[in-house]
Amino acid sequence: MHLVLDSNEYILAFGFERDPSSEKLMDAVAAAPDRYRVGICRPIIDEISRHLLPRQLTEVHALLRSLDVEIDERFMVPFECVERYIARGLKRGDAFVSGYTEWVGADCLVSENRKDLVDHPDLFPFKVKTAERFLRDHPL
């Protein structure tokens, strides 16, 4: 299953204010690289970098390296993918992550952003779930 994990999942798994569901999600992804493929783009990395200490960010990069994940640069994502979500009312950051998720053909975007993403599944051609819901639907 191809996943995009929103920045808040990394921040809640590796940062100071940890969320057990986000931590379990990272553990599940790390434990089953044959089951889960992770996509990540530069804006997500940039957002993570603003909220984590260098040693915490090192842990994120170690996880990504262990999964052979390459960071997709911003210029790779077609402008139209992002603009389509801005036209649907999303803020630029959420629109970029949504456009990126669609562009890479991910099955699911995992995010704790209920207000703008999770509570509006009709906006997306992919599933959007919180870490808790994803783990419930895909037990370890």
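This text follows the structure it describes.
The numbers attached to residues start from 1 for each chain and follow its sequence in the written order. Under the rules for a predicted model, residues below a pLDDT of 70 receive no local features and side-chain atom pairs below 80 are neither given nor counted, while totals for whole chains, interfaces and linings still include all residues. To obtain the side-chain values, all non-hydrogen atoms of the structure were included, while hydrogens and water were left out.

A. Structural context of the packing of helix α1 (residues 7–14) against helix α2 (residues 20–31). For the pair α1 and α2, the least separation of the axes is 8 Å and the interaxial angle reads 100°. As summarised for this structure, α1 and α2 are arranged roughly perpendicular, according to the angle between their axes. Between α1 and α2, the contacting residues are Glu9, Tyr10, Leu12, Ala13 and Phe14 on the first element and Ser22, Glu23, Leu25 and Met26 on the second. Here the contact of α1 with α2 is composed, by residue class, of six nonpolar, one polar and two charged. With axes taken as lines fitted to C-alpha atoms, and helix axes fitted only over the stretch in contact, angles between N-to-C directions fall between 0 and 180 degrees. Strands are runs of DSSP state E lasting at least 2 residues, helices are runs of H or I lasting at least 4, and numbering of each runs from the N terminus. An angle below 35 degrees is treated as roughly parallel, one above 145 as roughly antiparallel, one from 65 to 115 as roughly perpendicular, and anything else as oblique. Only heavy atoms enter the contact rule, under which two residues are in contact if any of them lie within 4.5 Å. Basically, the charged four are Asp, Glu, Lys and Arg, the nonpolar ten are Ala, Val, Leu, Ile, Met, Phe, Trp, Tyr, Cys and Pro, and anything else, Gly included, counts as polar.

B. Structural context of the pattern of salt bridges. Basic side-chain nitrogens of Lys or Arg form a salt bridge, by our definition, when they fall within 4 Å of a carboxyl oxygen of Asp or Glu. Considering all chains together, one arrives at ten salt bridges under this definition. The residue Glu83 makes a salt bridge to Arg92 at a minimum N-O spacing of 3.6 Å. Beyond isolated ion pairs, a larger network of salt bridges with shared partners links Lys91, Lys115 and Asp116.

C. A look at the layout of surface pockets. The volume enclosed by the largest pocket comes to roughly 310 Å³. The distinction between a cavity and a pocket rests on a 1 Å grid over the protein atoms alone: a 1.4 Å probe fits inside a cavity but cannot get out, while a pocket stays open yet meets protein on both sides within 12 Å along at least five of seven lines, and a residue with an atom within 4 Å of a point counts as lining. Around the largest pocket, the lining comprises 18 residues; the ones closest to its centre are Pro43, Arg74, Arg92, Gly93 and Phe96. Looking at the lining of the largest pocket, the elements with two or more residues in it are α3 (42–51), α5 (79–87) and α6 (92–103). For the lining of the largest pocket, a count of residues per class yields eight nonpolar, two polar and eight charged. Grid points are joined across faces, edges and corners, and a volume is the space filled by probe spheres set on the points.

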